[in-house]
Amino acid sequence: MNELILRSIKGDKEAYSELIKLIQNDLFKVAQARLENVDDSNDAIQETLVIAYNSLKKLKQPEFFKTWIIKILINECNKIYRNNQRRINILDKLTKKDIKNEYEDDKVIDIDNKMELDNILKGLNYNEKICLVLFYGSKYSLDEISEILNVKKETVKTRIKRTKQKLRKVYGERRDNESATK
């Protein structure tokens, strides 16, 4: 393995491929432990391999190659995990009922399998999407969003409120339709 590492550092792509074949199972196990989703694990591994290859000449102690690449993988897995959590958290915030709402006892509309945020946002126009993403996804304040979009703060508040109402309505109707078909 050390010979493959040294050849890889010198730019031998075939040696790097052979090296990766030797550790690919270990990489997959590490990624699966953090992400549990095969597609996300594969994405993290792929990104790790690109980063490692591009940074290989910076590796000062070749004997620690495996430790080094696993650290890179863990960082990539953590990025994907945080992204996934952010999407789930945004989805939860977007679908929460106001405490004063009298229509349901639940404060959260149940959306089967927590659909990807991208799919949810597809039905929204740009102004609706951008306000939600900046507010919930990027954690900008209303004042900051107002400045970024060059609109009044009240306009931002109204867009967020209306979009949340729209989402509640759409997914409430979808849920009702699914209940009726069962």
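Up top you'll find the structure we're talking about.
Residues numbered from 1 in each chain as written. Predicted model: local features only at pLDDT ≥ 70, side-chain atom pairs only at ≥ 80, totals over all residues. Heavy atoms only, no water.

Asker: I'd like a rundown of the packing of helix 1 (residues 2-9) against helix 2 (residues 13-35), residues and numbers included.
Answerer: Running from N to C, helix 1 and helix 2 point in directions that differ by 140°, and their axes come no closer than 8 Å. When the interaxial angle is binned, helix 1 and helix 2 end up oblique. Every pair of crossing elements has a handedness; the one defined by helix 1 and helix 2 is left-handed. In contact with Leu4, Ile5, Arg7 and Ser8 of helix 1, helix 2 contributes Ala15, Tyr16, Glu18, Leu19 and Leu22. Per-class residue counts for the contact of helix 1 with helix 2 are 6 nonpolar, 1 polar and 2 charged. (Axes fitted to C-alpha atoms, helices over the stretch in contact; angles between N-to-C directions. Helix = DSSP H or I, 4+ residues; strand = E, 2+ residues; numbered from the N terminus. Parallel < 35°, antiparallel > 145°, perpendicular 65-115°, else oblique. Left-handed = near helix turned anticlockwise from the far one by under 90°. Contact = heavy atoms within 4.5 Å. Nonpolar A, V, L, I, M, F, W, Y, C, P; charged D, E, K, R; others polar.)

Asker: Which residues make up the nonpolar core, and what values go with them?
Answerer: Core analysis: the largest hydrophobic core is formed by 25 residues, its most contacted members being Tyr16, Leu27, Phe65, Trp68 and Ile69. With near-sequence residues (within four places) excluded, Phe65 lies in contact with Ile5, Tyr16, Leu19, Ile20, Ile23, Leu56 and Leu59. By size, the runner-up hydrophobic cluster in this structure holds 10 residues, among which are Leu132, Tyr136, Ile145 and Ile160. (Core = buried A, V, L, I, M, F, W, Y, C linked by side-chain atoms within 4.5 Å. Buried < 20%, exposed > 50% of the residue type's maximum accessible area, 1.4 Å probe, protein only.)

Asker: Would you mind going over the side chain of Glu76 in detail, with residue names and values included?
Answerer: With respect to the element layout, Glu76 can be found in helix 4 (residues 65-95). Given the relative accessible area of 8%, Glu76 is considered buried.

Asker: Run through the environment of Cys131, naming residues and quoting values.
Answerer: Tracing the backbone through its elements, the reader meets Cys131 in helix 6 (residues 126-137). For Cys131, a relative accessible area of 1% puts it in the buried group. Along the backbone, Cys131 and Thr163 are 32 residues apart, and their C-alpha atoms lie at a distance of 9.1 Å. Setting aside chain neighbours within four positions, we find Cys131 in contact with Ile145, Leu149, Val156, Arg159 and Ile160.

Asker: Any details on the pattern of salt bridges? Residues and values, ideally.
Answerer: Overall, the coordinates contain 8 salt bridges when judged by the stated rule. Between Glu76 and Lys79 there is a salt bridge, with its nearest N and O atoms 3.1 Å apart. Taken together, the residues Glu76 and Lys79, both in helix 4 and 3 residues apart, mark about one turn of the helix. Since its relative accessible area comes to 45%, Lys79 is described here as partly exposed. (Salt bridge = Lys/Arg side-chain N within 4 Å of Asp/Glu carboxyl O.)

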